[in-house]
Amino acid sequence: METQKENGQPQCPGPTKSSRTRVESLREKRERLREEMRRASAQLADAEAKADRMARIEARQRERQEREQLGTLCKQAGLDRYRLSSDAHSPDVHPALDAHLISGAIFWLSKRMTVMSAEDLAVMKEEGSIKAEEMQGKREALLKRDAPPPATARGEMERPLAFDLPE
């Protein structure tokens, strides 16, 4: 029996065992891992780009909110009355705010605040909160005054007195 191996097992007829070696399987595995690493690196770069973009958007929103808040505070303090000289050719258009004058006033205030004591700053803060509450009260009163009258039930209309004729 020449078809049996030395250990006593018969050889199967047909194609021989795959010629794939351990080195080849390791190379394939290395390539799969490299491709997976490329995909993970691309996902990481994409996530970092999205995080950077989101941080920039949030910074712009925060800056815009601070500008709006500063504008509101300047208006409450009365700095909105300082405007550039108006043009005679367009009396309907309000002149622009004098940004240089307002920024100079804010800069002056900022300088003065650095040398103020904690007690002086506390007094300023308290006066500011009182002023803000007054402004809020005025704003609420204006909203109440300008609110539309309560509406009648949907679909109902009030009849004018002219339609009430004697029978």
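Just so we're clear, the structure is a prediction, and the values are computed from it rather than from any experiment.

## Comments concerning helix 1 (residues 22–77)
Between its terminal C-alpha atoms helix 1 stretches 81 Å, which fits the 82 Å expected from 56 residues at 1.5 Å a residue. What helix 1 keeps buried is the set Ser 25, Cys 74 and Gln 76. The inward-facing, buried residues of helix 1 abut helix 2 (99–114) and helix 3 (118–146). Taken from the residues just after helix 1, Gly 78 is the one with a positive phi, measuring 95°.

## Points about the pattern of salt bridges
Here the structure, examined in full by the defined rule, presents five salt bridges. For Glu 35, the salt bridge goes to Arg 39, with nearest N and O atoms at 3.9 Å. A residue pair is termed a helical-turn pair when its members lie 3 or 4 positions apart in one helix, as Glu 35 and Arg 39 do in helix 1 at four residues. Where Arg 67 meets Glu 63, a salt bridge forms, and the shortest distance between an N and an O atom there is 3.2 Å.

## So, the side chain of Asp 98
Relative to the helices and strands, Asp 98 resides in the loop between helix 1 and helix 2. Of the buried charged residues, Asp 98 lacks a salt bridge, with Arg 83 as the closest side chain of opposite charge at 11 Å. The residues contacting Asp 98, other than those within four sequence positions of it, are Tyr 82, Arg 83 and Leu 84.

Rules used throughout
Residues numbered from 1 in each chain as written. Predicted model: local features only at pLDDT ≥ 70, side-chain atom pairs only at ≥ 80, totals over all residues. Heavy atoms only, no water. Helix = DSSP H or I, 4+ residues; strand = E, 2+ residues; numbered from the N terminus. Expected span 1.5 Å × (residues − 1). Buried < 20%, exposed > 50% of the residue type's maximum accessible area, 1.4 Å probe, protein only. Contact = heavy atoms within 4.5 Å. Salt bridge = Lys/Arg side-chain N within 4 Å of Asp/Glu carboxyl O. Lys, Arg positive; Asp, Glu negative; His and termini not counted.

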